[in-house]
Amino acid sequence: MWAGRVPTVPMVAATAPRPPVTFPLDDSVRAAARRGLALGLCPECFGRLFGRLGHGLSNPERAARLAADLGVALPVPEGACHLCGGAFDRWETWIQRVRTAAEGREWHRFSCGSRWDPEILAREESIWVDVGSAFGESARGAFNRELGKRLEAATGAVGGPDRPDLVFLADLPAGRVELTVLPVYFSGRYRKFDRTLPQTRWPCRRCEGRGCDRCGGTGKTYPTSVEEVVAAPFLAATRGEGSRFHGMGREDIDARMLGDGRPFVLEIDRPRTRTVDVAALAAEVNRSAEGRVEVLEAAASVAAEVVRVKEAAPLKSYRVAVLGEASEAKINEALAFVAGRAIAQRTPTRVAHRRADRVRTRRIVAGRLVEAAPGRFTLDLRAEAGTYIKEWVEGDGGRTEPSLAALLGVPLSVEALDVLQIHDREG
Ligand SMILES: [Zn+2]
Ligand SMILES: [Zn+2]
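Residues numbered from 1 in each chain as written. Chains lettered and ligands numbered in written order. Predicted model: local features only at pLDDT ≥ 70, side-chain atom pairs only at ≥ 80, totals over all residues.

1. A short note on the overall build of the protein chain
Okay, step 1: Helix and strand counts for the protein chain come out as 12 helices and 14 strands.
Okay, step 2: The principal-axis extent of the C-alpha atoms belonging to the protein chain is close to 105 × 45 × 40 Å.
Okay, step 3: Across the 427 residues in the protein chain, those meeting the buried criterion constitute 34%.
Okay, step 4: Here the contacts in the protein chain between residues at least 6 apart in sequence split such that 72% fall between residues at least 24 apart. (Helix = DSSP H or I, 4+ residues; strand = E, 2+ residues; numbered from the N terminus. Buried ≥ 20, exposed ≤ 12 C-beta atoms within 10 Å, placed from the backbone. Contact = placed C-beta atoms within 7 Å.)

Right, dumping it as structure tokens:
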């Protein structure tokens, strides 16, 4: 990886003055230089023996200064340099290889590295010892830095380790460039009004996605998902090869997601285009999925947002329609009892196939009876992230303790569940 100084502007546009040149020579450097001169290296390799001495000079410039100081002419090696093999003389070739590797892709930021024959790197280190230089710079580091500078000048893209679009690995022994394409990210919030839609693509349990009779050959348990509905226009516009959908938690398939929606980051793999009209694509999602899914606050995003979204554990508000016979007074009493109290929830039976079986502690922060009628009532609940609301109401066969059913002493069942709000923007 090219880990040189991170330029903040493309080198082509650089008008900043060069830093002052320093190259402090003393007798021990001169003695090492005399021994180095005798090796018949190219100016880059000779200068690089002192590459970490001083500032503001290229390695060939260091070589020229050393030769002038010693009063000798720089030797010109016959044929390719026996250390680097001429690697530093073929920039146009490497730039062309990079252009070929990146062809058809939009990129603005890059980093680059190189793969060398380890024997060359080992020989170089033994030369530092032989000539007695404490200032040797590795061929790989110098090559990566120089290639990065030249790519910036040739393409106008910005090099450095910070959020590259593309990573180029110059494979010197093989004479080719390996390309890594970094994903492009979009963020937003989604609302979901369809009680048959899972958040993400849900592979068929029997065939694990290969396609079978049970899933009608689709490889999926559900025909589509929030992920697929949202990703489709973004995939088309970026001409990417796949997507990943990172939600800030997830609601049950049969729960609606209301309020300001749920934060998500959409990651598109190996995009060809990175600059897209995000608002227009979100509008396309909203047209095509009207009444099922709505995307709000769509924007370009970055990889770090994935971590933020996955690690957030905000409070959530729910509306729960419950079937069961209980008086308003008893319901209010139970809600008052439970508010802020720890609830022990063993992993529900319905998710036990994909989650470890353990007991977790969560809190219902607040509860309110919205309305009551014979045989049914509606609650608003505010709960900690990860609370299994359905199980808390119904009891899940004693796996949630205490449950609302146990507190009321009657069997209850959840008729409908909605997420009213994700409180990620509060406190
Ligand atoms: Zn060389
Ligand atoms: Zn299947």
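From this point, the narrative continues.
2. Overview of the sheet that holds strand S3 (residues 166–171)
Okay, step 1: Pairing is mixed in the open sheet, where four strands are placed in the order S2-S1-S3-S4. For this open sheet the edge positions go to strand S2 (158–159) and strand S4 (176–181), each flanked by a neighbour on one side alone.
Okay, step 2: In the sheet, strand S1 (residues 109–115) pairs with S2 via two bridges, with the strands oriented parallel. In the strand pairing of S2, arginine 109 is matched with valine 158.
Okay, step 3: Relative to S4, helix H4 (residues 91–101) is tilted by about 40°, and along the sheet it contacts S3 and S4. (Pairing = 2+ DSSP bridges. Axes fitted to C-alpha atoms, helices over the stretch in contact; angles between N-to-C directions.)

3. Thoughts on the environment of cysteine 215
Okay, step 1: Tracing the backbone shows cysteine 215 in the loop between strand S5 (184–192) and helix H7 (226–238).
Okay, step 2: Judged by local crowding, cysteine 215 falls into the buried class, with 20 C-beta atoms found within 10 Å.
Okay, step 3: Spatially, the C-alpha atom of cysteine 215 lies 6.3 Å from that of cysteine 204, the residues being 11 residues apart in sequence.
Okay, step 4: Those residues in contact with cysteine 215 that lie beyond four places of it in its chain are Cys204, Cys207, Lys220 and Thr221.

4. Considerations on helix H5 (residues 118–131)
Okay, step 1: When the terminal C-alpha atoms of H5 are compared, their 20 Å separation across 14 residues agrees well with the 20 Å that a helix rising 1.5 Å per residue should span.
Okay, step 2: Positive backbone phi, approximately 80°, marks glycine 132, located one or two places after H5. (Expected span 1.5 Å × (residues − 1).)

5. Re helix H8 (residues 278–288)
Okay, step 1: Among all positions of H8, only Leu281, Ala282 and Val285 are buried. The buried residues of H8 occupy an angular sector of 100° when projected down its axis, which confines them to one face. Exposed side of H8, more than 90 degrees from the buried face: Ala279, Ala280 and Arg287 are the residues found there.
Okay, step 2: Here the buried face of H8 lies against S5, H7 and strand S8 (293–301). (Arc of directions from axis to C-beta.)

6. Considering the packing of H4 against helix H6 (residues 139–155)
Okay, step 1: One way to put it is that H4 packs onto H6 with a least axis distance of 10 Å and a crossing angle of 65°. With respect to H6, the element H4 is oriented roughly perpendicular. Crossing hand, H4 versus H6: right-handed. Of the residues in H6, those touching H4 at Trp91, Trp94, Ile95 and Val98 are Leu147, Arg150, Leu151 and Ala154.
Okay, step 2: Broken down by class, the residue content of the contact of H4 with H6 amounts to seven nonpolar, no polar and one charged. (Parallel < 35°, antiparallel > 145°, perpendicular 65-115°, else oblique. Left-handed = near helix turned anticlockwise from the far one by under 90°. Nonpolar A, V, L, I, M, F, W, Y, C, P; charged D, E, K, R; others polar.)

7. Re the environment of aspartate 277
Okay, step 1: Here aspartate 277 shows up in the loop between strand S7 (256–269) and H8.
Okay, step 2: Sequence-wise, aspartate 277 and arginine 176 are 101 residues apart; in three dimensions their C-alpha atoms are separated by 35 Å.

8. Describing the domain arrangement of the protein chain
Okay, step 1: As assigned here, the protein chain comprises domain 1 (11–181), domain 2 (184–311) and domain 3 (316–422).
Okay, step 2: Each of domain 1 and domain 2 has a C-alpha centre, and the two are 45 Å apart.
Okay, step 3: Listed by partner, the interface residues are six residues for domain 1 and six residues for domain 2.
Okay, step 4: Looking at side-chain class alone, the side of domain 1 that touches domain 2 contains one nonpolar, one polar and four charged residues. (Domains from an automatic or database assignment.)

9. A look at the pairing of strand S10 (residues 342–346)
Okay, step 1: In S10, alternate side chains face the same way, and those of Ile343 and Gln345 are buried while those of Ala342, Ala344 and Arg346 on the opposite face are not.
Okay, step 2: Note: S10 against strand S11 (residues 359–373), five bridges, orientation antiparallel. Bridged to arginine 346 within S11 is valine 359.
Okay, step 3: Summarising the sheet, S10 and strand S13 (residues 400–401) pair through two bridges and their orientation is antiparallel. Across the sheet, alanine 344 pairs through a bridge with glutamate 401, a residue of S13.

10. Observations concerning the nonpolar core
Okay, step 1: One finds Val230, Leu266, Val285, Val320, Ile389 and Val393 to be the most contacted residues of the largest nonpolar core, which totals 50 residues.
Okay, step 2: Sort the elements by how many residues they give to this core and H7 lands first, with six residues.
Okay, step 3: Viewed by domain, this core spans two of them, domain 2 (184–311) and domain 3 (316–422), each represented by three or more residues.
Okay, step 4: When sequence neighbours within four positions are dropped, the list of residues in contact with valine 320 reads Thr378, Leu379, Leu381, Ile389, Val393, Val414 and Leu417.
Okay, step 5: Val29, Ala33, Phe110 and Val177 belong to the second-largest nonpolar core, a separate cluster that totals 33 residues. (Core = buried A, V, L, I, M, F, W, Y, C linked by C-beta atoms within 7 Å.)

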